[in-house]
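# Survey of secondary and tertiary structure
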Amino acid sequence: MTGPEAIARLHRGMTRQGPGTPEDVRWALARLDVGARARIADAGCGPGADLAALARARPGARIEGVEMMDHLVAEARAACAGLENVTVRQGDMAGLTGPYDLIWCAGALYFLGVTEGLRQWRGALAPGGAVAFSEPVLEEDAPGAARAFWAEYPAISDLAGIEERVRAAGFAVLDHRRVAGAAWAGYYRELEGRLDALSADPEAAGEGPLADLVAATRREIALWQAVPEAVSYALVLVRPEPGGR
Ligand SMILES: C[S@@+](CC[C@H](N)C(=O)[O-])C[C@H]1O[C@@H](n2cnc3c(N)ncnc32)[C@H](O)[C@@H]1O
């Protein structure tokens with residue numbers, strides 16, 4: 001089993017691949033005044049929880065999920081069965097063409113880099129269009145356990161650092177809010193369920209990619225449990241600056 005196969009096995013059947021709630025989606029739609037017939041992309045949609053939330057909040061909108069991994073495309077399509085305003089395609093979110101009134105991106109922009117991804121998406125936004133993305137954030141006075149939690153994400157910064165990366169792409173921040181607490185608790189509850197389900201699997205014990213991943217995930221959850229309010233994403237709403245890069 002390869003590393004990516006181990007990740008797919010651990011996460012199989014989960015409704016999300018990272019923290020977030022339907023309330024985050026509704027907040028962004030309202031704050032950005034996204035219209036009833038908007039064209040919306042969910043970039044890196046994973047198994048599609050936010051696609052369903054977007055579709056329910058804007059039943060007249062046209063919503064497109066874009067996801068790199070075939071098995072997640074299949075899961076997202078299943079999650080959105082019966083939601084006629086949703087399509088899901090396998091593809092690279094770096095190549096979005098649009099035009100979209102909103103690009104929603106939960107916990108996935110870091111794969112491209114905030115500045116690089118926003119630069120690539122500028123041309124995919126319709127006039128007046130916006131991007132809503134969630135990104136790890138670590139405040140200056142964060143406790144050691146929160147720093148240890150993010151040790152493998154060296155690009156992490158405080159909110160001012162995220163704003164700098166946004167500005168470097170020629171975008172402006174309109175608003176933000178923290179994604180912490182319940183959103184992470186829900187995600188880890190599901191993940192612990194998967195760890196328990198795998199406990200009888202010989203490949204999840206001993207040595208190998210799945211066993212390593214199981215151990216690393218248990219460490220990650222323990223670090224989060226030590227400081228649950230200090231581990232968060234920032235959900236950031238941004239628009240291109242007129243004449244920006
Ligand atoms: C942490 S998961 C978040 C998934 C989903 N947004 C959620 O909140 O449940 C990041 C997702 O981005 C996808 N991804 C990463 N790079 C991508 C790319 N270049 N194009 C499309 N999807 C990508 C991954 O396959 C994964 O499903």
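Residues numbered from 1 in each chain as written. Predicted model: local features only at pLDDT ≥ 70, side-chain atom pairs only at ≥ 80, totals over all residues. Heavy atoms only, no water.

## Re the overall build of the chain
Put simply, the rule is: In this text, helices come from DSSP runs of H or I with a minimum length of four residues, and strands from runs of E with a minimum of two, each type numbered from the N-terminal end. Throughout, radius of gyration means the C-alpha value; the globule benchmark is 2.2 Å times the number of residues raised to the power 0.38. Each residue gets one of three labels from its accessible area relative to the maximum for its type: buried under 20%, exposed over 50%, partly exposed in between, using a 1.4 Å probe on protein chains only. Any two residues having at least one pair of non-hydrogen atoms within 4.5 Å are treated as being in contact. Surface exposure here means Shrake-Rupley accessible area, sampled with a 1.4 Å probe, where a residue is shielded only by the protein chains that are shown. Charge assignment in this entry is limited to Lys and Arg as positive and Asp and Glu as negative, and neither His nor the chain termini are counted. Each charge is placed at NZ for Lys, CZ for Arg, CG for Asp and CD for Glu.
A tally of regular secondary structure across the chain gives nine helices and seven strands. Over its C-alpha atoms the chain spans a radius of gyration of 18 Å, differing by no more than 12% from the 18 Å that the globule rule assigns to 245 residues. Taking the principal axes of its C-alpha atoms as reference, the chain extends roughly 55 × 45 × 30 Å. Among the 245 residues that make up the chain, the fraction classed as buried is 50%. Partitioning the contacts of the chain with sequence separation of at least 6, the portion at a separation of at least 24 is 73%. Accessible surface computed for the chain: about 11,400 Å², of which carbon and sulfur atoms make up 53%. One way to put it: in the chain the 25 positive side-chain charges average out to a point 6 Å from where the 33 negative ones average out.

## What to know about the pairing of strand β2 (residues 62-67)
The following threshold applies: Should DSSP find at least two bridges between two strands, the strands are taken to pair. Look down the strands so they point away from you; if the path from the first strand over the helix to the second goes clockwise, the crossover is right-handed.
In terms of burial, β2 is largely enclosed, as five of its six residues are buried. By the bridge criterion, five bridges tie strand β1 (residues 39-43) to β2 in an arrangement that is parallel. The partner of Asp42 across the bridge, within β2, is Gly65. Following the chain from β1 across helix α3 (residues 49-57) to the adjacent parallel β2, one finds a crossover that is right-handed. With five bridges joining them, β2 and strand β3 (residues 86-90) adopt parallel strand pairing. By the bridge assignment, Glu64 is partnered in β3 with Thr87.

## Structural notes on the packing of aromatic side chains
The cut-off we apply is this: Any two of the Phe, Tyr and Trp rings considered here, Trp counted by its six-membered ring, make a pair once their centres fall within 6.5 Å; the pair's planes then place it as stacked at under 30 degrees, edge-to-face at over 60, or tilted in between.
Considering all chains together, one arrives at ten aromatic pairs under this definition. Ring pairs connect the aromatic residues Phe149, Trp150, Trp184, Tyr187, Tyr188, Trp224 and Tyr233, which therefore count as one cluster.

## Some words on the side chain of Arg9
This is how it is decided: Two N or O atoms count as a polar contact when they lie within 3.5 Å, although within protein this holds only if one can serve as hydrogen donor and the other as acceptor, and sequence-adjacent residues are included solely when both atoms are side-chain atoms.
Here Arg9 lies in helix α1 (residues 3-11). At 2.4 Å, the side chain of Arg9 and the side chain of Asp201 are in polar contact.

## Points about the environment of Ala145
Along the chain, the position of Ala145 falls in helix α6 (residues 144-149). What makes Ala145 partly exposed here is its relative accessible area of 21%.

## A word on the site of the ligand
How we decide: Only a single heavy atom is needed: when it lies within 4 Å of a molecule or strand, its residue is near that molecule or strand. Following the grouping adopted for this structure description, the nonpolar residues are Ala, Val, Leu, Ile, Met, Phe, Trp, Tyr, Cys and Pro, the charged ones are Asp, Glu, Lys and Arg, and the polar ones are all others, Gly among them.
Around the ligand, a shell composed of 17 residues is seen, among which Gln17, Gly44, Glu67, Asp92 and Met93 lie nearest. In this structure, an oxygen atom belonging to the ligand sits 2.5 Å away from a side-chain N or O atom of Glu67. A distance of 2.8 Å separates a nitrogen atom of the ligand from a polar backbone atom of Met93. For the ligand, the accessible surface in isolation is 590 Å², of which the surrounding protein chains cover 91%. Broken down by class, the residue content of the shell around the ligand amounts to eight nonpolar, six polar and three charged.

## Remarks on the sheet that holds β3
Keep this limit in mind: Only C-alpha atoms enter the line fits that serve as axes; for helices the fit covers just the stretch in contact. Angles between N-to-C directions range over 0 to 180 degrees.
Spatially, the seven strands line up as an open sheet ordered β3-β2-β1-β4-β5-β7-β6, and their pairing is mixed. Both edges of this open sheet fall to β3 and β6 (171-179), since each of them pairs with a single strand only. This sheet shows a mean twist of 20° between the axes of neighbouring strands, independent of strand direction. Docked against the sheet, α3 engages β1, β2, β3 and β4 (100-106), running at close to 175° with respect to β2. Across the sheet, helix α5 (residues 114-121) is in contact with β1, β4, β5 (125-137), β6 and β7 (232-240); its angle to β5 comes to roughly 165°.

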